[in-house]
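Here is how the chains run, residue by residue.
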Amino acid sequence: AGGLNSGVLIGNQLPQAGSLTLNGYVNHDLTASLSGTPGDGSTLSYRITTLPAVGSLYQSAAGTRGSLINSANTTVGDGGGQIIFAALTNQTGAPYDSFAYVANDGLNDSPPALVTVNIALPLAPQISTITASAGPPGGEVFALNFSGSSNATYSVWASTNLSIWDWIG
């Protein structure tokens, strides 16, 4: 619209994608929730523009690994922008890897946003109590309580000769 002394133009504002930092533990998948701000209230979709150099990206299938994202410019299938990052087995680093994505409002792409991935070892477990009680054969009770990093996986192993170990749980 325009007048003698003024003019108005309605245009589509660019969406903005948000950079992320993912922190996780060795040998655990990380779920990334890509996010953005639509410039004009439109619904956003997301597209991976740069793949990670070391780890792998997967589509999210109800929070678990879906199909592998193996090429740049792959559209994220999850409506909430969730994808899964998987580091190589037993690998750590800060930063470990990175990749980029854009948000799209149906007309325009946002500038690329960077996702930085840090992979670390969990804290060593801190034993709080150990209890054992004798009983008839097969009725013995042993309890071990410890604390450690949230969302990390710990295992308990047992041995009678310190040479052969059995996984307990």
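Predicted, not measured: the structure shown is a model, and the values here were computed from it. (Residues numbered from 1 in each chain as written. Predicted model: local features only at pLDDT ≥ 70, side-chain atom pairs only at ≥ 80, totals over all residues. Heavy atoms only, no water.)

S.K.: Describe the layout of surface pockets, with residues and values.
M.R.: By volume, the largest pocket is sized at about 160 Å³. Mapped by element, the contributors of at least two residues to the lining of the largest pocket are strand S2 (20-25) and strand S11 (113-120). When grouped by side-chain class, the residues that make up the lining of the largest pocket number four nonpolar, six polar and one charged. (1 Å grid on protein atoms, 1.4 Å probe; cavity = no way out; pocket = protein on both sides within 12 Å on 5 of 7 lines; lining within 4 Å. Points joined across faces, edges and corners; volume = space filled by probe spheres on them. Helix = DSSP H or I, 4+ residues; strand = E, 2+ residues; numbered from the N terminus. Nonpolar A, V, L, I, M, F, W, Y, C, P; charged D, E, K, R; others polar.)

S.K.: Would you mind going over the sheet that holds S11 in detail, with residue names and values included?
M.R.: Spatial strand order, S2-S11-S10-S5-S8: five strands in an open sheet with mixed pairing. Only two strands of the sheet have a single partner each, and these edge strands are S2 and strand S8 (74-75). Strand direction decides the pairing type here: S2 and S11, joined by six bridges, are parallel. Residue Thr21 lies in a different strand from S11, and its bridge partner there is Thr116. (Pairing = 2+ DSSP bridges.)

S.K.: Tell me what's going on with the sheet that holds strand S7 (residues 64-69), and back it up with residues and numbers.
M.R.: A sheet is described by the order of its strands in space; here four strands give the open sequence S3-S9-S6-S7, paired in antiparallel fashion. Each end of this open sheet is capped by a strand with a single partner; those strands are strand S3 (30-33) and S7. Direction aside, neighbouring strands of the sheet carry axes that sit 40° apart on average. For strand S6 (residues 56-61) and strand S9 (residues 82-86), the ladder comprises four bridges, and the chain directions are antiparallel. Counterpart to Ser56 in the pairing with S9 is Ala86. (Axes fitted to C-alpha atoms, helices over the stretch in contact; angles between N-to-C directions.)

S.K.: Outline the pattern of salt bridges, supporting the account with residue identities and numerical values.
M.R.: Inspection of the entire model under this criterion finds two salt bridges. Across the salt bridge formed by Arg65 and Asp29, the nearest N and O atoms sit 2.8 Å from each other. Of the two residues, Arg65 sits in strand S7 while Asp29 sits in the loop between S2 and S3, which places them 36 residues apart along the sequence. According to the relative accessible area criterion, Arg65 is partly exposed, its value standing at 42%. The salt bridge partner of Asp109 is Arg47, with a shortest N-O separation of 2.6 Å. On the criterion of sequence distance, the pair formed by Asp109 in the loop between strand S10 (93-104) and S11 and Arg47 in strand S5 (residues 45-50) is long-range, its members being 62 residues apart. Classification of Asp109 as partly exposed rests on a relative accessible area of 31%. (Salt bridge = Lys/Arg side-chain N within 4 Å of Asp/Glu carboxyl O. Buried < 20%, exposed > 50% of the residue type's maximum accessible area, 1.4 Å probe, protein only.)

S.K.: Before we move on, could you go through the nonpolar core and cite the residues and values that matter?
M.R.: Membership of the largest hydrophobic core comes to 23 residues, with the highest contact counts inside it found for Leu34, Ile48, Ile83, Phe99, Tyr101, Val115 and Val117. Sorting the residues of this core by element identifies S2, S3, S5, S9, S10 and S11 as the ones contributing at least two each. Dropping the residues within four chain positions of it, Val115 is found in contact with Leu20, Leu22, Leu34, Asp97, Ser98, Phe99 and Tyr101. (Core = buried A, V, L, I, M, F, W, Y, C linked by side-chain atoms within 4.5 Å. Contact = heavy atoms within 4.5 Å.)

S.K.: Give me the lowdown on a nonpolar patch on the surface, citing residues and values where you can.
M.R.: Together, Ile127, Ile130, Phe142 and Phe146 give the surface a local cluster of nonpolar side chains, amounting to about 430 Å² of exposed area. For the nonpolar patch, the secondary structure elements donating two or more residues are strand S12 (126-133) and strand S13 (141-147). Within the secondary structure layout, Ile130 lies in strand S12. (Patch = residues over 30% accessible without salt bridge, like charges linked within 9 Å, V, L, I, M, F, W, Y side chains within 5 Å. Areas by Shrake-Rupley, 256 points an atom, 1.4 Å probe, with all protein chains shown as cover.)

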